[in-house]
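Listed here are the chains, written in short residue letters.
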Amino acid sequence: MTKKVSIVVKKDTKEPAVSNFDNFDPVEFAGNVDYLSVYVASQRRSGKTIVVNDLAYKWGSGKFRNPKTGKKLKMFDECYLFSETARLSDQYKFIPRDNVYDTFDQVGEQKINEIWERNSKAIEHNRNVEKNSKKVKVPSVLIIFDDVVHLPIMRSSSVVKKLYVAGRHIHFSVITISQNVLGQTGLPNAVR
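Engineer: What am I meant to see in the sheet that holds strand β4 (residues 141–146) here?
Structural biologist: Sheet strands pair by backbone hydrogen bonding; their relative direction is either parallel or antiparallel. Pairing in this open sheet of five strands is parallel, and the strands run β1-β5-β4-β2-β3 from one edge to the other. In the strand order of this sheet, the two ends are held by β1 (37–41) and β3 (100–101), each with one partner. The strands touched by helix α2 (residues 48–60) within the sheet are β1, β4 and β5 (172–178), with β5 carrying the most contacts at an inclination of about 165°. Against the sheet, helix α5 (residues 158–166) contacts β1, β4 and β5, and its axis sits at roughly 120° relative to β5.

Structure follows, in C-alpha cells:
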C-alpha cells in the first residue's frame, strides 16, 4: 500500500495553504505499510532531520503500537545512515555508530549491495523450503540519506534507484532528506 502525504505551506507564513487535510499520525501510518519509501524536502533549518529522526524512532524502536490495531511496531532490524552532517549533531542516536557513514560514495553503494544480496539470498532460500522451521529471518533494513542528495553519485547510482523501485520486495525502507526536489541537485526521475 502506498500513501502520499503532502502539506503545502503558504510562503512567508506558517499557516497551511490547505487546511482540510487529515492529521498525519506516523505510528498509525507505519502500521498500515510493510516497507516505506519516504522523501522529505524542505528549506534549510526547517526541521527535516528532527522529523525523520522522530519518525524512524517511532517506527523502529518497538515502543509504539498502532492506535487502531494495537499491533506493536518493530519495523527495522538494522538501520544505516549516510550523512555528511550526522556526526556533527546528536541526532539518530538509535543507529549504531558502525552503521553511520560520513558520505555516500562507492563504499556506501558496496555496503548496500552486500545487505541487498544477503536479503535476496534469504528470501530465495525461504521460497525453496517447505517447512517454516527451516526458513531464515530476513532482516528489515532502514536506509537514511541525509544531506547527501547534492552528491553526483546520488543521481547516477543504480543502488539508489533500486532501493526506491524494488527495495520493499527485499525488506528495505528508505528515507531521503533534501533541500531540493528538482533539478541537478535532486534525485533522479525514477526516484521522484
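Engineer: Hey, could you run me through the pairing of β5 in this one?
Structural biologist: Strand residues, when the strand is regular, have side chains that alternate between the two faces of the sheet. Along β5, seven of the seven residues are buried, which leaves the element largely enclosed by surrounding structure. Alternating positions in β5 separate into two faces, F172, V174, T176 and S178 on one and S173, I175 and I177 on the other, with burial throughout. For β1 and β5, the ladder comprises five bridges, and the chain directions are parallel. By the bridge assignment, V38 is partnered in β5 with I175. The sheet contact formed by β4 and β5 spans six bridges and is parallel. By the bridge assignment, V141 is partnered in β5 with F172.

How each quantity is defined
- Residues numbered from 1 in each chain as written.
- Predicted model: local features only at pLDDT ≥ 70, side-chain atom pairs only at ≥ 80, totals over all residues.
- Heavy atoms only, no water.
- Pairing = 2+ DSSP bridges.
- Helix = DSSP H or I, 4+ residues; strand = E, 2+ residues; numbered from the N terminus.
- Contact = heavy atoms within 4.5 Å.
- Axes fitted to C-alpha atoms, helices over the stretch in contact; angles between N-to-C directions.
- Buried < 20%, exposed > 50% of the residue type's maximum accessible area, 1.4 Å probe, protein only.

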